[in-house]
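Geometric and topological summary
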Amino acid sequence: MIEITNLHKSFGEHKVLDDLSLNINSGKTYVVIGRSGCGKSVLLKHIVGILKPDSGKVIVDGQEINALNVRRMNELRLRISMVFQGGALFDSMTVGENIGFGLIEHQHVSTQELLERIEESLCLVGLCGIQNLTPSELSGGMKKRVALARAICIRPQIILYDEPTTGVDPITADSINELIKSLHDKLKVTSIVVTHDMKSAYKVADRIAMMYQGKIIAEGTPQEIQETNHPVVYQFINGLAKGPITETLEQFR
Amino acid sequence: MYFLGGLASLFFQTLYLTFVPPFKAERVFEEVKKTGYDSLPIVSLVALFIGFIFALQTAYFMQRIGSELYIASLVALSVVRELGPVLTALIVAGRVGAAITAELGSMQVTEQVDALETLATNPIKYLVVPRFLALILVLPLLTLYADIVGILGSYLICVYKLGISGSLYLRITFEALLYKDLFTGLFKTIFFGMIIAFVSCYEGFNVQGGAEGVGRATRHSVVKSFIMIILADCFFTALFYFIFP
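Rules behind the numbers
Residues numbered from 1 in each chain as written. Chains lettered and ligands numbered in written order. Predicted model: local features only at pLDDT ≥ 70, side-chain atom pairs only at ≥ 80, totals over all residues. Helix = DSSP H or I, 4+ residues; strand = E, 2+ residues; numbered from the N terminus. Rg over C-alpha atoms; globule rule 2.2 N^0.38 Å. Buried ≥ 20, exposed ≤ 12 C-beta atoms within 10 Å, placed from the backbone. Contact = placed C-beta atoms within 7 Å. Pairing = 2+ DSSP bridges. Nonpolar A, V, L, I, M, F, W, Y, C, P; charged D, E, K, R; others polar. Axes fitted to C-alpha atoms, helices over the stretch in contact; angles between N-to-C directions. Expected span 1.5 Å × (residues − 1). Bend = angle between axes of the 7 residues up to and from the residue. Arc of directions from axis to C-beta. Right-handed = clockwise from strand over helix to strand, strands pointing away. Parallel < 35°, antiparallel > 145°, perpendicular 65-115°, else oblique. Left-handed = near helix turned anticlockwise from the far one by under 90°.

With that settled, the discussion passes to the overall build of chain A. A tally of helices and strands in chain A yields 11 helices and 10 strands. Computed over its C-alpha atoms, the radius of gyration of chain A comes to 19 Å, within 12% of the 18 Å expected for a compact globule of 253 residues. In terms of overall dimensions, chain A has a C-alpha envelope of 60 × 45 × 30 Å along the principal axes. Residues counted as buried form 41% of the 253 residues belonging to chain A. For chain A, contacts bridging at least 24 residues in sequence account for 65% of all contacts bridging at least 6.

For chain B, the helix and strand inventory stands at nine helices and zero strands. Mapped in sequence order, the helices and strands of chain B form the string α-α-α-α-α-α-α-α-α. Along the longest, intermediate and shortest principal axes, the C-alpha atoms of chain B span 70 × 35 × 35 Å. Looking at chain B as a whole, 43% of its 245 residues qualify as buried. Considering only intrachain contacts with a sequence separation of at least 6, the fraction spanning at least 24 residues in chain B is 87%.

This paragraph deals with the sheet that holds strand β2 (residues 14–24) of chain A. Residues and elements named next belong to chain A. With antiparallel pairing, four strands are arranged side by side in an open sheet as β2-β1-β4-β5. Only two strands of the sheet have a single neighbouring strand rather than two, namely β2 and β5 (63–64). Here strand β4 (residues 55–60) runs beside β5; their pairing, made up of two bridges, is antiparallel. Across the sheet, the residue bridging to Val60 is Gln63, located in β5.

Looking now at the interface of chain A and chain B. Counting from both sides, the interface comprises 15 residues of chain A and, opposite them, 10 residues of chain B. Mapped by element, the contributors of at least two residues to the side of chain A that touches chain B are α2 (70–77), β6 (80–83) and α4 (101–107) of chain A. The leading source of residues in the side of chain A that touches chain B is α4(A), at four residues. For the side of chain A that touches chain B, the per-class residue count stands at eight nonpolar, five polar and two charged.

The next thing to look at is the environment of Asp61(A). Residue and element names in this part refer to chain A. Here Asp61 lies in the loop between β4 and β5. Judged by C-beta crowding, with 14 C-beta atoms within 10 Å, Asp61 ranks as partly exposed. Residues Asp61 and Pro170, 109 residues apart in the sequence, show an inter-C-alpha distance of 35 Å.

We now examine the pairing of strand β1 (residues 2–11) of chain A. Residue and element names in this part refer to chain A. Summarising the sheet, β1 and β2 pair through eight bridges and their orientation is antiparallel. Bridge pairing in β2 places Leu7 opposite Leu20. Where β1 folds back on β2, the antiparallel hairpin that results is connected by two residues, among which Gly12 adopts a positive phi of roughly 65 degrees.

On to the sheet that holds strand β10 (residues 215–220) of chain A. Residues and elements named next belong to chain A. Read across the sheet, six strands follow the order β6-β7-β8-β3-β9-β10 without closing on themselves; strand pairing throughout is mixed. The open sheet has two edge strands, β6 and β10, and neither has a second partner. Strand-to-strand, the axes of this sheet are offset by a mean angle of 20 degrees, without reference to chain direction. Sitting on the sheet, helix α6 (residues 140–153) touches β6 and β7 (158–162), and the angle it makes with β6 is about 175 degrees.

All names here are of chain B. Taking 1.5 Å of rise per residue, 40 residues should cover 58 Å, and helix α4 (residues 70–109) covers 55 Å from first to last C-alpha, within 8% of that figure. At Val79, α4 shows its maximal bend, which comes to roughly 55 degrees. Backbone geometry just after α4 places Glu111 at a positive phi near 65 degrees.

Moving on: unusual backbone geometry. A cis amide bond, omega 5 degrees, links Pro21(B) with the succeeding residue Pro22(B). Within the secondary structure, Pro22(B) sits in the loop between α1 (2–18) and α2 (25–35). The backbone of Glu163(A) shows a phi angle near 45 degrees, a positive value even though the residue is not glycine. Relative to the assigned elements, Glu163(A) resides in the loop between β7 and α7 (170–187).

Moving on: the environment of Glu82(B). Checked against the element boundaries, Glu82(B) lands in helix α4. What makes Glu82(B) partly exposed here is the crowd of 16 C-beta atoms within 10 Å.

Residues and elements named next belong to chain A. Among all positions of helix α10 (residues 231–238), only Val233, Phe236 and Ile237 are buried. An end-on view of α10 places all buried positions within 90 degrees of arc, on one side of the element. Gly239 sits one or two positions beyond α10 and adopts a positive phi of about 60 degrees.

It is worth spelling out the pairing of strand β8 (residues 190–195) of chain A at this point. Residue and element names in this part refer to chain A. Among the six residues of β8, six are classified as buried, and the element is accordingly described as predominantly covered. Note that strand β3 (residues 29–33) and β8 share five bridges and pair parallel. Counted as the bridge partner of Ile33 is Thr195 from β8. What joins β7 to β8 is α7, and the crossover it makes is right-handed.

Attention now goes to the environment of Arg35(A). Residue and element names in this part refer to chain A. Mapped onto the fold, Arg35 is located in the loop between β3 and α1 (40–47). Spatially, the C-alpha atoms of Arg35 and Thr165 are 15 Å apart, while their sequence positions differ by 130 residues. Contact partners of Arg35, with chain neighbours within four places excluded, come to His196 and Ile245.

On to the packing of α4(B) against helix α8 (residues 179–205) of chain B, then. Residues and elements named next belong to chain B. Close contact between α4 and α8 brings their axes to 8 Å; oriented N to C, the two are set at 15 degrees. Considered as vectors, α4 and α8 are oriented roughly parallel to each other. The handedness of the crossing between α4 and α8 comes out as right-handed. Of the residues that constitute the contact of α4 with α8, the class distribution is 15 nonpolar, 11 polar and five charged.

By themselves, these observations are geometric and do not establish any function.
Okay, here's the thing in structure tokens:
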């Protein structure tokens, strides 16, 4: 269970998270939707402890992230994996070394087991046998899949996805959605996906939360979100140019 | 002040993490190769030609007063005490420091540094510590090598152009050099290595923006390293002048 309570975060004058609260149940797939630049990625980085909040708490399985010492924090991080928007693969390493990085650095497995785990992770994302390629030899979609393989190789309990379908063609996007669903079913992980791709959100989500102006303004099942009367959520999920979101922006111009 | 504060914070964190396990010697060796071994061609070229140039420029005056033999002692002292350490440090700052900033900057921009953290790996421990250790180890060795090659360059000019006997040249060189000259020359390069390591890593970690930001950080890294190396050199020269008069 992940409990996010009254989270505040500002960068200079710009308030990104403004009293944001959200509870995420174990084993479920949560999708956080919102416009680009609304702070969705910042929220993910708070859950994994890369960013520290100005105030508020993030509690993962009863442990408050910002109260943990380095050792406990590292133990927790090996239970949470994050798939970055651009993949964030280490380009000085091969695909295999990228995927096995967490195991090599922290879990001290035998070479045989390491190679097996790398192969198993690659096959799970449908890319068997590309261990020896370098990230520069991969397409955008393949990079996202390899990043996913790196995330699952350490066998995490929570996977955070930052815009997993952004920047890839519709077919690759759908296969990534399928992958998120199948990994969720096979590995029984808790998943948090941030995206502005509504097709992806409806496909993978158990629950959807909408983020706007640093807060969660609506939360529910995909069906509840689709049937919402909330004007902001309605404008966003239907991709309308006119509505409260754009009117607010025009007021500032 | 913000820059110096950030540099000091990186310095203390790196120093602390240097002594915290796990210790990965192979990463240090990898950096030693990139920093030291791969710098040998450029260091050799510059040191050899500085030896040539310095011998010829000194000969211009020494021949007028009939003291060509003193070229050997003048070159030996200048190269070992000053030119060897500073030129090597500036070459490494330009060649290695710029590469470190560009590499870490690109990693920062593409979220690879964040990815390291999510994989329970401290980016300072993983990226800065091996580079710091490699630079403080390699810079004195590269300087010693540059000193020898610089003196060799001057030797070649004096023996084959000015007609000074080779054995006499070497005898005058060794007579002129004292241990303290070698020590003061090499000691300060440890600090030059620290300057290059911390400035280049700090600038790399603090890249903002995309490719333009990486370019800007790389430029800042080289310029700041140059300035700090010259200031540190000035400080150590003054310090040693009073400690070892």
